[in-house]
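Summary of the model geometry
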Amino acid sequence: MLGLYDSGLGGLTVLAALRAAGVDQDVVYFADQAHVPYGDKSDAQLHGYLEENLALLGGLGVDAVVTACNTTCAVAERYGWPATPFPVLDLIATAGRSFVGTPHRRVAVVATVATVRSGAYARAIRAAAPQVEVAEVAAPSLVPIVERGEADSAVARTAVDAVVAQLGPDVDALVYGCTHYPLLDRWFAQALGPRIERIDPAVAQAAAAQRLVAQLDLTPGTSSTAYYTNGDAEAFETAVRRWTGDTAGRVSALVSR
Ligand code: DGL
């Protein structure tokens, strides 16, 4: 069984990538919505959430954690990963490795304020592809829009346009450095046009997860997911059904921390 966590709905994009890649492990998904958005929190707070999320998933009996939140990976890159008795797949490290042999030269990473502050994405990409110029752009307005259920709205479109307007000239690829942003892909696609490739690190993370499942020799699962939130369980259930199309998955509330 695999564990996934995020501050909220963003990690569902990683879950979708796992299922699209054929990962059939049962999944426990934890949304730490009591603390969303993560992007405006301090490094110390974020490191605490990371520890708590890993401990919670460990307590639910996962064999491995597939991180579905960049912000906590950015903090762990600087301050260390908590020790766990199970492996943890680092989303930013995976994303960086996917740039080996890239044709891109000027890459923009859109991410949360905390992720941009850490510089972890630029380090990870440049470790794999030193010739690539990386610019990191913070987009703090986007996560609250997705969490409010307004991803399809004109407000979302305007907010994405404002982020894209901040990109430097000649950018040839944009990385979704926050797992919430692929839920706004239609607006990014429209604003960027066909010449700028949109890269979702969830795809590489799903491939890495598949390799890890094989390495650990985990018993095949049933592709079922149990969803937990420490926020508003009813609103979370509506969002889960909408974004995953999963009508069978159990959605449960956890006591707020
Ligand atoms: N979706 C998360 C990430 O990838 C956290 C976003 C947030 O809560 O600010 O960083």
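Use the structure listed above.
Residues numbered from 1 in each chain as written. Predicted model: local features only at pLDDT ≥ 70, side-chain atom pairs only at ≥ 80, totals over all residues. Heavy atoms only, no water.

Structural notes on the layout of surface pockets
The test is simple: Residues are said to line a cavity or pocket when one of their atoms sits within 4 Å of a point; the points come from a 1 Å grid over protein atoms alone, cavities being sets where a 1.4 Å probe fits but cannot get out and pockets being open sets with protein on both sides within 12 Å along at least five of seven lines. Grid points are joined across faces, edges and corners, and a volume is the space filled by probe spheres set on the points. A run of H or I in DSSP becomes a helix once it reaches four residues, and a run of E becomes a strand once it reaches two; helices and strands are each numbered from the N terminus. Gly falls in the polar group here, along with every residue not listed as nonpolar (Ala, Val, Leu, Ile, Met, Phe, Trp, Tyr, Cys, Pro) or charged (Asp, Glu, Lys, Arg).
By volume, the largest pocket amounts to about 200 Å³. In this structure, the largest pocket is lined by 13 residues; those nearest its centre are L9, E147, G149, A235 and A239. At the level of elements, α7 (142–147) and α11 (233–244) are the ones that each hand at least two residues to the lining of the largest pocket. Classifying every residue of the lining of the largest pocket gives six nonpolar, three polar and four charged.

Concerning the site of the ligand
Basically, it comes down to this: One heavy atom within 4 Å of a molecule or strand is enough for the residue carrying it to be called near that molecule or strand. A 3.5 Å cut-off defines polar contacts: any pair of N or O atoms within that distance qualifies, except that in protein one atom must be a possible hydrogen donor and the other a possible acceptor, and neighbouring residues in sequence count only when both atoms are side-chain atoms. For every accessible area listed, the method is Shrake-Rupley and the probe measures 1.4 Å; residues are considered covered only by the protein chains on display. For a cavity or pocket, the test is whether more than half of a molecule's atoms lie within 2 Å of its grid points; if they do, the molecule sits there.
Taken together, 14 residues sit near the ligand, with S7, Y38, G39, T71 and H180 positioned nearest. Here an oxygen atom of the ligand sits 2.8 Å away from a polar atom, N or O, in the main chain of G39. Interatomic distance of 2.5 Å between a side-chain N/O atom of T71 and an oxygen atom of the ligand. Contact with the protein chains covers 99% of the free accessible surface of the ligand, which is 300 Å². Of the pockets mapped on this structure, the ligand occupies the largest cavity.

Some points on unusual backbone geometry
Just so we agree on the cut-off: Each residue's exposure class comes from its accessible area (1.4 Å probe, protein chains only) as a fraction of the maximum for that residue type: buried when under 20%, exposed when over 50%, partly exposed otherwise.
Residue P37 is reached from V36 by a cis peptide bond, and omega for that bond is 0°. Summarising the element assignment, P37 is placed in the loop between β2 (27–31) and α2 (43–59). One non-glycine residue with positive phi stands out, namely D217, at about 55°. Locating D217 in the fold gives a position in the loop between α10 (202–216) and β9 (225–229). Residue classification places D217 among the exposed residues on the basis of a relative accessible area of 66%. For S223, which is not a glycine, the phi torsion comes out positive at approximately 60°. Within the secondary structure, S223 is located in the loop between α10 and β9.

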